[in-house]
Amino acid sequence: MRTSRMRRCVFVSVVLLGLSACGDDGPSMTPVPPPAPPPDAGGLGPVPPPTAEVPEPSAPAPPVIPWLEAGRPDVAAPAPPELGPCPEGWRRIESATGIAHCDPWPEAGHARCARDDETMLPGDPACRRIGSACPAGDFATDFPAGSTVVHVRPSAEPDGDGTPERPFATIEAAIAGSPQRAILALAKGTYREAVRLNGGRVLWGACVAETVLSVTDASAAGDGVVTVTGRNVGVRNLQIADSGRVGINLRGTGASGVIEDVLVARTTIAGVLASDGASFTMSRSLVREVGLGTATTGDRGVHLQAGATGELSSVVIDGTVGRGISVASDGTILRATDVAVVRTAKPPRSYADAVLAALGGTIELSRVVVDDLDTNAIRAEGAGSRVTATDVLVRGAGASDRSEMDSAVTALMAGQVSLERAAVVGFGEIGVTAFGEGSTVSLADVLVSGRGDEGAVVGTGLYVGFVGSMSASRVAVENVRDFAVGVDEPGSRFDGTDVIVRDVARVDGAMGTVGVQLTNGAAAVLTRVSIERAAEEAAVSHGAGTTLELRDLRVAETDARLSSALRIEELGTMTVERAVLEEVRYVGVSVAHW
């Protein structure tokens, strides 16, 4: 029984509602008689002391409690997170607790489109075609006026000159026979050749469905199906598929390109790779099933490294085995807007992430959904690594794999993550983590809910450990199993303003579940806090050096048979200013050591 653990009172610091309380086994309180007076000079015995008047004791002053007549202190309520207005095409989803978030898909969810040349972008009501419709003839006809156009058809005679009537038979011949900045118009058909693209030239397919580049052999030199080595090149209106190489490889400070209306499917290592200072933009495109069936340590949908920069707009990364989008090394930056990273899968011999910034790289996300994953969702790992995300939905991260601890959003080993107007829902183990010295997470207008589409309640909401830090403003944590906010180890810190915690393990009624839990020397300050329906304790401060400060606190409906609303144990410290505890089934405040 827990009550048997509370027999011995120790030095535990508690400040509650402006009062302090402590206990001690002090010295004996048995009265000691005064010493006898000395004899008088004549030896006639003791002289009685002079009679003195004893003043009447004054009446004790009553406590000054300004709110007593009102019945409760004036506790300021936390402001809820506001995740709107929703981006165009996104739906506003109202929760049972009144906190809404934005969903980019229609009620039926993200569709698995029937055709290879179709996808669904965030905000789309249905699947859309990538690029233009296939023309009646062999070539596209919508080239910009005044362009130099050189035609290529894989079935052409080898002595072609690039005209529509006598096209080149290979892309290599067309590059050799064309001026810089020419458009290489690719006819319908399959091109089984690797291409090195430079000189401002543009590969322009007839349509995505019927213009295919495919190279089945791997490249010892790391070349892609398309390798970009020059400035201002373009890849448009075609697909790169079923290859043992990188799909599009941009390499070197002189390499830059525009990728539009392109499907990259079933390649290895990466769908799009940029390195050594290369730069690119990619729009209205789909990268699908990179590394499928080939990777043991994980491939990447889009990867940047060694100072490369890239921008994604209206792009879907679907079904990568390994990582959806990733960056590595200082000065490497990827910006993504109106992007979906979905169905990222874990490789057999490695962990994986849908979005990863490592080794000092930076990823900036806006209007992005990370959904339906067998992996972690977003991670920044290493000093200088940073992910910033605004108007983001993270859903289903790690929910199918319990073999190791998953975290939907993680700052690790001095990485930095910032979420604003974000929902993290239906995760596997932990919603948001700051772990390791120098790791920081910043949250503003964020909903964290463990309840997935199947209704199961799982995991921990927010966790800070091993000298990590997290700041939160207008954050709600709902429907979690273990604890809503957990902070552990000396140096770990959580600062929260306007924090709402609801329904901690209410579904299965498990014990050992807490709204806010601090342990082993951690520190936290929370202002304007509401903790409702925590299955056991609302807040716990455990261990020497642990300090928890709560200001403007409301606790309601703790209901476990042997729980306390506020619990201080093992030399922990808790300071509470302005609090209301109501509908607490067992104990309001307990102090314990055993």
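Whatever comes next refers back to the structure up there.
Report follows, based on the coordinates. Given the structure is predicted, the values throughout are model-derived calculations rather than measurements.

### A closer look at the state of the cysteines
Step number 1: All chains considered together, the criterion is met by three disulfides.
Step number 2: The disulfide partner of Cys113 is Cys127, and the S-S distance across this bridge is 2.1 Å. Taking the torsion about the sulfur-sulfur bond, which here is approximately -95°, the covalent link between Cys113 and Cys127 counts as left-handed. Within this pair, whereas Cys113 is found in the loop between β4 (100-103) and β5 (118-119), its partner Cys127 is found in the loop between β5 and β6 (128-129), the two being separated by 14 residues in sequence.
Step number 3: Judged by relative accessible area, Cys127 falls into the partly exposed class, the value being 29%.
Step number 4: The disulfide bridge from Cys134 ends at Cys207, spanning 2.0 Å between sulfur atoms. Taking the sign of the S-S torsion, about 80° here, the bridge from Cys134 to Cys207 comes out right-handed. In this pair, Cys134 is assigned in the loop between β6 and β7 (149-152) and Cys207 in the loop between β11 (202-205) and β12 (211-213), connecting sequence segments 73 residues apart.
Step number 5: With a relative accessible area of 31%, Cys134 lands in the partly exposed category.
Step number 6: Judged by relative accessible area, Cys207 falls into the buried class, the value being 1%.
Step number 7: In the chain, numbering the disulfide-bonded cysteines from first to last in sequence yields the connectivity 1-2, 3-4, 5-6.

### Regarding the pairing of strand β8 (residues 183-186)
Step number 1: What you see with β8 is no split at all: Ile183 and Ala185 on one side and Leu184 and Leu186 on the other are buried throughout.
Step number 2: The sheet contact formed by β7 and β8 spans four bridges and is parallel. When the bridges of β8 are listed, His151 appears paired with Ala185.
Step number 3: With four bridges joining them, β8 and β11 adopt parallel strand pairing. Residue pairing across strands places Leu184 opposite Leu203, the latter belonging to β11.

### Topic: the nonpolar core
Step number 1: Counting residues in each nonpolar core, the largest one holds 119 residues, and the members touching the most others are Leu213 and Leu365.
Step number 2: When neighbours within four sequence positions are excluded, Leu365 is seen to be in contact with Ile325, Ala336, Val355, Ile378, Val387, Thr388, Ala389, Thr390 and Val392.
Step number 3: Residues Cys102, Ile130, Val342 and Leu393 belong to the second largest nonpolar core, which totals 24 residues.

About the cut-offs
Residues numbered from 1 in each chain as written. Predicted model: local features only at pLDDT ≥ 70, side-chain atom pairs only at ≥ 80, totals over all residues. Heavy atoms only, no water. Disulfide = S-S within 2.5 Å. Helix = DSSP H or I, 4+ residues; strand = E, 2+ residues; numbered from the N terminus. Buried < 20%, exposed > 50% of the residue type's maximum accessible area, 1.4 Å probe, protein only. Pairing = 2+ DSSP bridges. Core = buried A, V, L, I, M, F, W, Y, C linked by side-chain atoms within 4.5 Å. Contact = heavy atoms within 4.5 Å.

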